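Close look at the chain arrangement
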Amino acid sequence: MRSSNGAALVEVVDDRVTASSLRPGHKHVSTWREWEAEIVSGDESDLARVRDRLLQAGALDSPSPSKLARALGPDAVTPTSEAEPEPASFAKNSIGALLVETVARHRDAFFEHDALVRLDKEDAVHQMRVAARRIRSLLRGYRPQFARQLTDPIERELKWCAGVLGGARDAEVMALRLDALIAAQPTGTISKTTRKHLLAHQRDAYATAYSEVMDMLTSPRYFRLLDSLDTILAADHFSKKAKRDGSDAICSTLVRMHKKTRKTEGKARAATNTYERDTNLHSVRKECKRIRYAAEIANKTHIDAKSGRKIKRVRKAAEDVQEVLGEHQDGVITRNLLDNIAVDVAEQGGDASDYQRLAGYEQAMADVAESDYRTHWKALRRAIRALP
């Protein structure tokens, strides 16, 4: 699905799957066809439109939560005698219905990418981390709608999980950024030795971080998190406020979240030193990401069209701030890494000029991003004010 200007909103894939289960006593080969839809730059309403179109064409919702569950067989989906509880049921236009639908989708993505992370598949760490962050953001942003005595512990464990995954993901991103940074320099200005050294440094960083990810995935603490995610959609995990009208709940949540972000942004502008300013801008970025995730749950199935358009503008504006400040934060982190490596190289008697040159370039890029974010920030404020 593409927008009127050609931007990819939702990617749809027609898969023919062949899977072999090697479980003792349950060896078999399964084949099936399935359609998968994934958001690219759109939102939940675009995904809902794709689903409706596929259902109209004769498709059926999958009876299995993931490819892995279908491949292993029905007796492997529930490893214990206690069945997974039925999801809570709410009126169609309620915030509870939106939360059940959205959390279920991200939870399934989290489970699916668990297996891919264990196989060290490309982008799997990133996608699993995104799923964990999205669930956590919903639990945090819509706290009044959840039974916090049950969901706050899940939120904390998802924070821990995303943090461990973040180490590996950051190393991946840094390697790509450094490679692109060196390629952007005039030919001959950065030596092959410098490039080799930097990329080797990040490969080592990824190997260490991935080892920590695997330790997490085999830990009792992680398995307890999986158990808690199995029950996260049960009725007892929601409060009475989950029955509230979806449009009203989303708009009031976005206003509340923006109020907090406005204070953080004010601290960034009032900062008297670079460290304080960079730290607060990073917090603004994270808070805008939460605003974006909170707005993404709106879709045409549950939300009236007028409110949906205004919420979508907030989502887009928050994403714009997030992206430009993400560039700023990437520049700050890369500059710090290069500065530290330059010091190490100089202390060992080497030539640190390449690293210093690259660090200066990164600082310049961060400065550009910092000067650009105010335009997007003002657009976010206007979008928030326009909410019903």
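If you're wondering where the values come from, they're calculated on a predicted model, not measured in any experiment. (Residues numbered from 1 in each chain as written. Predicted model: local features only at pLDDT ≥ 70, side-chain atom pairs only at ≥ 80, totals over all residues. Heavy atoms only, no water.)

**Looking at the overall build of the protein chain**
The condition that has to hold: Counting from the N terminus, the helices are the DSSP runs of H or I reaching at least four residues and the strands are the DSSP runs of E reaching at least two. Two things to know: the radius of gyration comes from C-alpha atoms, and the globule rule equals 2.2 Å times the number of residues to the power 0.38. Buried, partly exposed and exposed residues are distinguished by accessible area as a fraction of the type maximum, computed with a 1.4 Å probe on protein chains only: under 20%, between the cut-offs, and over 50%, respectively. The contact criterion used is simple: two residues touch if any of their non-hydrogen atoms lie within 4.5 Å. Accessible areas in this description were obtained via Shrake-Rupley with a 1.4 Å probe; residue shielding takes into account the shown protein chains only.
Check the secondary structure of the protein chain and you find 11 helices and 2 strands. Along the chain direction, N to C, the helices and strands of the protein chain fall in the order β-β-α-α-α-α-α-α-α-α-α-α-α. Here the C-alpha atoms of the protein chain give a radius of gyration of 23 Å, agreeing with the 21 Å that 2.2 N^0.38 yields for 388 residues. Of all 388 residues assigned to the protein chain, the portion counted as buried reaches 44%. If you take every contact in the protein chain between residues at least 6 apart in sequence, the share linking residues at least 24 apart comes to 77%. Of the roughly 20,400 Å² of accessible surface on the protein chain, 51% is carried by carbon and sulfur atoms.

**A short note on unusual backbone geometry**
Positive phi outside glycine occurs at Asp-120, with the angle close to 55 degrees. The topology assignment puts Asp-120 in the loop between helix 3 (95-118) and helix 4 (124-141). A relative accessible area of 38% means that Asp-120 is categorised as partly exposed. Even without being a glycine, Asp-123 presents a positive backbone phi close to 70 degrees. Positionally, Asp-123 belongs in the loop between helix 3 and helix 4.

**Topic: the pattern of salt bridges**
Put simply, the test is: Every case where a carboxyl oxygen of Asp or Glu lies within 4 Å of a side-chain nitrogen of Lys or Arg is listed as a salt bridge.
For the structure on display, the rule yields 25 salt bridges. Here Glu-155 and Arg-143 are joined by a salt bridge, their closest N and O atoms 3.0 Å apart. On the criterion of sequence distance, the pair formed by Glu-155 in helix 5 (residues 148-183) and Arg-143 in the loop between helix 4 and helix 5 is long-range, its members being 12 residues apart. For Glu-155, a relative accessible area of 5% gives the class buried. Put simply, Asp-43, Arg-134, Arg-292, Glu-296, Arg-315 and Glu-319 are held in one network by salt bridges that share partners.

**Observations concerning the confidence of the model for the protein chain**
Short version of the rule: Confidence per residue, as judged by the predictor, is encoded in pLDDT with a range of 0 to 100.
Summarising the model, the protein chain shows a mean pLDDT of 89, and 91% of its residues fall at 70 or more. For residues 76-81, every residue scores under 50 in pLDDT, and the model assigns this stretch 4 contacts once sequence neighbours within four places are set aside.

**Remarks on the packing of helix 3 against helix 7 (residues 220-230)**
Formally: Orientation is described by lines fitted to C-alpha atoms, with helices fitted over the stretch in contact, and by angles between N-to-C directions that extend from 0 to 180 degrees. By the definition adopted for this analysis, an angle is roughly parallel if under 35 degrees, roughly antiparallel if over 145, roughly perpendicular if from 65 to 115, and oblique otherwise. The handedness criterion is simple: a crossing whose near helix is rotated anticlockwise from the far helix by less than a right angle is left-handed, and one whose near helix is rotated clockwise is right-handed. Residues are sorted three ways: Asp, Glu, Lys and Arg are charged, Ala, Val, Leu, Ile, Met, Phe, Trp, Tyr, Cys and Pro are nonpolar, and all the rest, Gly among them, are polar.
Two elements in contact, helix 3 and helix 7, have axes whose closest approach is 11 Å; the angle formed by their N-to-C orientations is 150 degrees. Of the possible angle classes, the one that applies to helix 3 and helix 7 is roughly antiparallel. The chirality of how helix 3 crosses helix 7 is left-handed. For the pair formed by helix 3 and helix 7, the contact residues are Arg-107, Phe-110, Phe-111, Asp-114 and Arg-118 on the first element and Tyr-222, Phe-223, Leu-225, Leu-226, Leu-229 and Asp-230 on the second. In terms of residue class, the contact of helix 3 with helix 7 is built from 7 nonpolar, no polar and 4 charged.

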